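# An overview of the molecular structure
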Amino acid sequence: NNLGSGDTLGHIMFVGDDGTGDMNTVSARITAAAEAAWNSADRPTYMSFSTTPDNSETMAERMRIDSSGNVGIGTASPANPLDVTTSNGAVEIGDYGSLYLERTTANNSTPAVLFRKNRSGGVITSGDYIGAIYAYGHDGSDQDNAGATI
């Protein structure tokens, strides 16, 4: 029989002893599965990555790569090459991180970035840098020349 949507192709499981004396406690897993029904000319698959949160015994899917190559973090249905979904809508990049956004379609949609700084619960002080915005444009040969810095 052909594989159907959600049928598992295989797992890589990470196990350990939870204190009960056995090594059968799965705490993380990588799964490959059929994304839709298979036939001789169409075999869409996805891979999911699951971990167990603190104070829990139940694994939760954290990331998925779908058959289109879209990567979803916090979503099992990524709609874009990188789709990050959080409970509060925020996506954070660690200390000294940079985020690169480029809009390549000819419409009026503009990428947006919010900068927020926190001093471990304290307020920012005079001289603190909160963020910087660099605007680059294509000059006919490359996009490596800043047109404006805010």
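Quick note: structure is the one above.
Residues numbered from 1 in each chain as written. Predicted model: local features only at pLDDT ≥ 70, side-chain atom pairs only at ≥ 80, totals over all residues. Heavy atoms only, no water.

### Considerations on the overall build of the protein
- Counting secondary structure elements, the protein contains 0 helices and 8 strands.
- Listing the helices and strands of the protein from first to last along the sequence gives β-β-β-β-β-β-β-β.
- When burial is assessed residue by residue, the protein has 12% of its 150 residues classed as buried.
- Restricting to contacts in the protein with at least 6 residues of sequence separation, those with at least 24 account for 18%.
- Working note: accessible area of the protein is about 11700 Å², and carbon and sulfur atoms make up 50% of it. (Helix = DSSP H or I, 4+ residues; strand = E, 2+ residues; numbered from the N terminus. Buried < 20%, exposed > 50% of the residue type's maximum accessible area, 1.4 Å probe, protein only. Contact = heavy atoms within 4.5 Å. Areas by Shrake-Rupley, 256 points an atom, 1.4 Å probe, with all protein chains shown as cover.)

### Let's talk about the pairing of strand β2 (residues 25-34)
- Here 8 bridges tie strand β1 (residues 8-16) to β2, and the two strands are oriented antiparallel to one another. Pairing of Thr-8 across the sheet is with Ala-33, part of β2.
- Pairing geometry for β2 and strand β3 (residues 45-51), over 7 bridges, is antiparallel. In the strand pairing of β3, Ala-34 is matched with Thr-45. (Pairing = 2+ DSSP bridges.)

### Concerning the pattern of salt bridges
- Enumeration over the complete set of coordinates arrives at 1 salt bridge.
- Between Glu-61 and Arg-64 there is a salt bridge, with its nearest N and O atoms 2.8 Å apart. (Salt bridge = Lys/Arg side-chain N within 4 Å of Asp/Glu carboxyl O.)

### A short note on the pairing of β3
- Across the two faces of β3 the burial differs, with Tyr-46, Ser-48 and Ser-50 buried and Thr-45, Met-47, Phe-49 and Thr-51 not buried at all.
- For β3 and strand β4 (residues 60-65), the ladder comprises 5 bridges, and the chain directions are antiparallel. Bridging from a neighbouring strand, Ser-50 pairs with Glu-61 of β4.

### Section: a nonpolar patch on the surface
- Nonpolar side chains collect at one region of the surface, where Met-13, Val-15 and Met-23 lie side by side and expose about 290 Å² of accessible area between them.
- On the secondary structure map, Met-23 appears in the loop between β1 and β2. (Patch = residues over 30% accessible without salt bridge, like charges linked within 9 Å, V, L, I, M, F, W, Y side chains within 5 Å.)

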